[in-house]
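Given next are the chains, with one letter for each unit.
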Amino acid sequence: MHIAPYDNHNKPIADVDSACVPLNYFNIVKLKKGEAFEYQVPGYETCIVPATGTVDVDVEGISYAKLGNRGVDVWDGEPEGVYVPVGAKVTMVCVSDHAEVFVAGAKYDKVLEPFDVRADGLDLVQYGSDDTKTHRKIKHILGQKHHGKVGRLLVSELFTVGQGGWSGFPSHKHDTDRLPDETRHDETYNFRFRPNYGSGVQMLQREDNKPGDAYHIVDGSTICLDKGYHPCAVLPGYEMYYFTILGGLSQRSLVQYFQPTHAYQIETIPGIKDMVAKFK
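The shown structure was predicted, so the numbers you read here are calculated from the model rather than taken from an experiment. (Residues numbered from 1 in each chain as written. Predicted model: local features only at pLDDT ≥ 70, side-chain atom pairs only at ≥ 80, totals over all residues. Heavy atoms only, no water.)

Undergrad: Please set out the pattern of salt bridges residue by residue, giving values where relevant.
TA: Side-chain pairs of opposite charge can arise whenever the charged atoms involved come near each other. In total, this model carries 15 salt bridges according to the counting rule given. Across the salt bridge formed by Glu100 and Arg192, the nearest N and O atoms sit 2.9 Å from each other. Here Glu100 is found in strand β8 (residues 98-107), whereas its partner Arg192 is found in strand β16 (residues 182-194), with 92 residues between them in sequence. Residue classification places Glu100 among the buried positions, given a relative accessible area of 13%. The exposure class assigned to Arg192 is buried, which follows from its relative accessible area of 10%. (Salt bridge = Lys/Arg side-chain N within 4 Å of Asp/Glu carboxyl O. Helix = DSSP H or I, 4+ residues; strand = E, 2+ residues; numbered from the N terminus. Buried < 20%, exposed > 50% of the residue type's maximum accessible area, 1.4 Å probe, protein only.)

Pasting the structure below:
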């Protein structure tokens with residue numbers, strides 16, 4: 001499902017028990033200097049990631065100062081995040097002129113401990129190539145380094161390297177729990193483009209070798225993925241970013257099932273096996 005950009009007034013874009021992605025939660029919070037925002041999400045662990053700007057965060061009395069260091073856009077510095085346990089009361093206060101903050105969540109039934117992730121806590125992966133039109137960089141905020149500290153939530157930022165090209169290829173899906181071949185993970189994206197009038201396409205193919213759907217994605221588009229193979233592409237001459245939320249049904253580690261028609265291309269794309277291994 002494609003959700004076009006709109007002013008959500010700091011209300012969830014994918015709320016609890018969403019009809020499309022019930023394992024995910026997603027909100028975008030926009031604040032001006034001195035403004036505060038409070039939230040609690042029963043039944044979901046969450047992660048606060050400023051897209052731009054800086055906020056002070058309080059999680060049940062535990063303070064994390066000056067979260068976020070990006071100014072102009074998501075390309076302007078490294079991401080930072082705060083993990084928020086299930087149902088915890090959170091307050092964030094904007095300490096920059098403006099802040100735009102992503103709140104990612106996954107359904108979970110245990111309460112863990114909060115923690116912050118700064119630049120030295122990121123899991124960084126770069127894979128693909130210009131020749132295969134798949135060159136990209138992934139910055140895992142809640143990635144492999146935090147596997148024992150998080151329940152079911154995976155949070156990452158994905159960037160195309162260079163201008164134009166494909167992401168999420170070879171096409172894969174993760175909509176059915178059938179280990180060891182695949183896990184059920186709902187997934188939610190929010191896209192940005194540089195320059196911001198760039199755009200791209202999100203494909204969603206329900207069955208191998210059967211026609212599927214395609215969505216025109218623009219700066220600020222949200223995509224909620226319930227099932228199917230889902231590569232995406234950016235127009236030549238533009239860079240693409242997407243904020244990624246994954247929530248597992250029965251485990252945190254993601255097991256992708258590559259589309260049989262295209263699975264052989266795993267062997268043609270440099271570094272893709274390392275990329276797959278990091279979604280744990």
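Next comes the rest of the account.
Undergrad: Run through unusual backbone geometry, naming residues and quoting values.
TA: Geometrically, the link from Leu179 to Pro180 is a cis peptide bond, its omega value of 10° lying close to zero. Tracing the backbone through its elements, the reader meets Pro180 in the loop between β15 (175-178) and β16. The residue after Arg194, namely Pro195, is reached through a cis peptide bond having omega -10°. For Asn10, which is not glycine, the phi dihedral falls at a positive 65°. Looking at the element boundaries, Asn10 is found in the loop between β1 (2-3) and β2 (24-32).

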